[in-house]
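Understanding the architecture of this molecule
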Amino acid sequence: TPKPSSAASDVYKRQALARVPEDQAPSPEHQLVILQTLHEIDAMLDALPAPVRRAFLLSQIEGLTYEAIAQDIGVSLITIKRYMARAFRQCLACMA
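Please read all numbers here as calculations on a predicted model, not as lab measurements. (Residues numbered from 1 in each chain as written. Predicted model: local features only at pLDDT ≥ 70, side-chain atom pairs only at ≥ 80, totals over all residues. Heavy atoms only, no water.)

Details of helix α5 (residues 77-95)
- Compared with the 27 Å implied by 1.5 Å per residue over 19 residues, the 27 Å span of α5 between its first and last C-alpha is a close match.
- Buried within α5 we find T79, I80, Y83, M84, A87 and C91. Looking straight down α5, one finds that the buried residues subtend no more than 135° of arc, so they occupy a single side. Set apart from the buried face of α5 by more than 90 degrees, the exposed residues are R82, R89, L92 and A93.
- Structurally, α5 contributes buried residues whose contacts are with α2 (28-46), α3 (50-60) and α4 (66-73). (Helix = DSSP H or I, 4+ residues; strand = E, 2+ residues; numbered from the N terminus. Expected span 1.5 Å × (residues − 1). Buried < 20%, exposed > 50% of the residue type's maximum accessible area, 1.4 Å probe, protein only. Arc of directions from axis to C-beta. Contact = heavy atoms within 4.5 Å.)

Topic: the packing of aromatic side chains
- By the definition in use, this model includes 1 aromatic pair.
- On the numbers, 5.6 Å between centres and 75° between planes, the contact of F56 with F88 is edge-to-face. Of this pair, F56 sits in helix α3 while F88 is found in helix α5, placing the two residues 32 residues apart along the sequence.
- F56 sits in the buried class, given a relative accessible area of 10%. (Phe/Tyr/Trp six-rings, centres within 6.5 Å; stacked < 30°, edge-to-face > 60°.)

Remarks on the environment of M95
- Mapped onto the elements, M95 comes out in helix α5.
- Owing to a relative accessible area of 67%, M95 belongs among the exposed residues under this scheme.
- Once the C-alpha coordinates of M95 and I41 are considered, the two residues, 54 residues apart in sequence, prove to be 10.0 Å apart.

Digging into the side chain of S59
- Tracing the chain through its elements places S59 in helix α3.
- You can call S59 buried: its relative accessible area is 11%.
- With near-sequence residues (within four places) excluded, S59 lies in contact with L64, Y66, I69 and M84.

Structure representation (structure tokens):
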């Protein structure tokens, strides 16, 4: 699946924020912080090799087990564990 362009991704993020009920919507300043954080996460994910990114997203977004991810991607369980370790190290580096 092709990744949307940065501009398209920004529009999607803004639309997602706009769908939040008004009484729960963050302030404009908080919205900016949210968008900046999402941009940083997006950049971190873009820095990962495609199979590592896919494994990470399947785990963290889809909630798949490492075993299910290994089967889905067609690699060994140990490879998935290595992918996840790499992705988590990238997350930690971005937080530092």
